[in-house]
Amino acid sequence: INEGKMIIPAVYDYADDFSEVHAVVALNRMPCLINMQNKRVIDTGLYQNIGMLSEGLISVTDFKRNKYYINLNNEFVIQLPGNTYEARNFRFGYAVISRQVEYHETKFGKDVGTVIYVFAYIDKNGKQVSTTEYEDADDFFNGFARVKKNGRFGMINTRMQEVIPTRFERVGDVSQNRVVVSENYKFGAMDTNGGWAIKASYELLFPATDGMMGFMQKNLFGFIDINGTEKVPAVYPSIKPFAEGKAAVLKDGKWGFINSSNEWVLRNVFDDASVFSEGMCAVLYKRQWGFIDATGRVIIPTQFDAVGSFSNGVADVVYRDIPLYINKRGEFLPILK
């Protein structure tokens, strides 16, 4: 696949990403589910909407707007209540569902009704397992999910316990056992047991990557480790996250790379830079993007209008306004012979 070989012909009106070796596609605007052999597992004409396969279950909506979860044999596993508005993918054994509720309040002496949405979690038996209906709720990620209650954010675990209380202005995702939170307009980080790892004292704090967290103080950026020890002082106008032992920083109008001891590993000669992934990093030079390796050697020449990062040996690029893919040799995919 990462050599760009066509395995499914371009015959569909729409095609989603593969999940658990199945993908949602559409023919004549009708959804169906196919496998890697391009065989229809769930055919067109059965459902108005088909969701992504996740943990063996698929959310579907029929033509009467009833919502269900089915399995790959097209058997109904969960029938959802008629007032269900949204049914998301299962993650860590739970899925978020929402329903519409009419909220009433008095304004200028009149009763005013507004439709709002409330969110809850169900298990694979269709049972609601969260005792609270939230104002918003995320899918589980790394075993935790952000929730919103009374206008404030917190986080729950898969036992539906509120490990971070819903009292914060912002709550980020879990990254390296750290969760960035905002309290009284200052940023800090908590651990997944709800304890403070880094007190809320920063103007801005970024998620942990490679054991480091970027921060902002007095409009300049530096880095701390995940325990809050300052490793790189706030002296840079802009930074990128640490990855593979290096982070791009801006100094004197040019980008270079430092290590966690604030030592230059690649001097600041680039017009822009990204984040290392699979031993390579995108850099901008004279308005064109290319890729360097960990030594700073240009592996793929700067010739692209835009680029992504490498994943499984492939990166997306834009070349002369055309979106394409390349491999680590800089060859366009598919390779035409």
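Definitions and limits used
- Residues numbered from 1 in each chain as written.
- Predicted model: local features only at pLDDT ≥ 70, side-chain atom pairs only at ≥ 80, totals over all residues.
- Heavy atoms only, no water.
- Phe/Tyr/Trp six-rings, centres within 6.5 Å; stacked < 30°, edge-to-face > 60°.
- Helix = DSSP H or I, 4+ residues; strand = E, 2+ residues; numbered from the N terminus.
- Buried < 20%, exposed > 50% of the residue type's maximum accessible area, 1.4 Å probe, protein only.
- Contact = heavy atoms within 4.5 Å.
- Pairing = 2+ DSSP bridges.

Peer 1: I'd like a description of the packing of aromatic side chains, backed by residues and values.
Peer 2: For any pair of aromatic rings, geometry is given as the distance between the ring centres together with the angle between the planes. The full count for this structure, using the stated rule, is 14 aromatic pairs. Taking the centre distance of 4.9 Å and the plane angle of 65° together, the rings of Tyr69 and Phe90 count as edge-to-face. Taken together, the residues span a long stretch of sequence, with Tyr69 in strand E7 (residues 67–70) and Phe90 in the loop between strand E9 (84–87) and strand E10 (95–107) at a distance of 21 residues. Both residues of the pair, Tyr69 and Phe90, count as buried.

Peer 1: I'd like a rundown of unusual backbone geometry, residues and numbers included.
Peer 2: Backbone geometry places Asn177, a non-glycine residue, at a positive phi of 60°. One can find Asn177 in the loop between strand E16 (170–175) and strand E17 (178–183).

Peer 1: Outline the side chain of Thr166, listing residues and values.
Peer 2: Looking at the element boundaries, Thr166 is found in strand E15 (residues 162–168). Accessibility expressed as a relative area gives 14% for Thr166, which makes it buried. Residues within four places of Thr166 in sequence aside, it is in contact with Val147, Lys149, Arg152, Phe153 and Gly154.

Peer 1: Which residues make up the sheet that holds strand E21 (residues 212–217), and what are the values?
Peer 2: Ordered by their spatial adjacency, 4 strands build an open sheet running E20-E21-E22-E23, and the pairing between neighbours is antiparallel. For this open sheet the edge positions go to strand E20 (204–205) and strand E23 (230–236), each flanked by a neighbour on one side alone. As paired strands, E20 and E21 are joined by 2 bridges and run antiparallel to one another. From the neighbouring strand, Leu204 faces E21, where its bridge partner is Met216.

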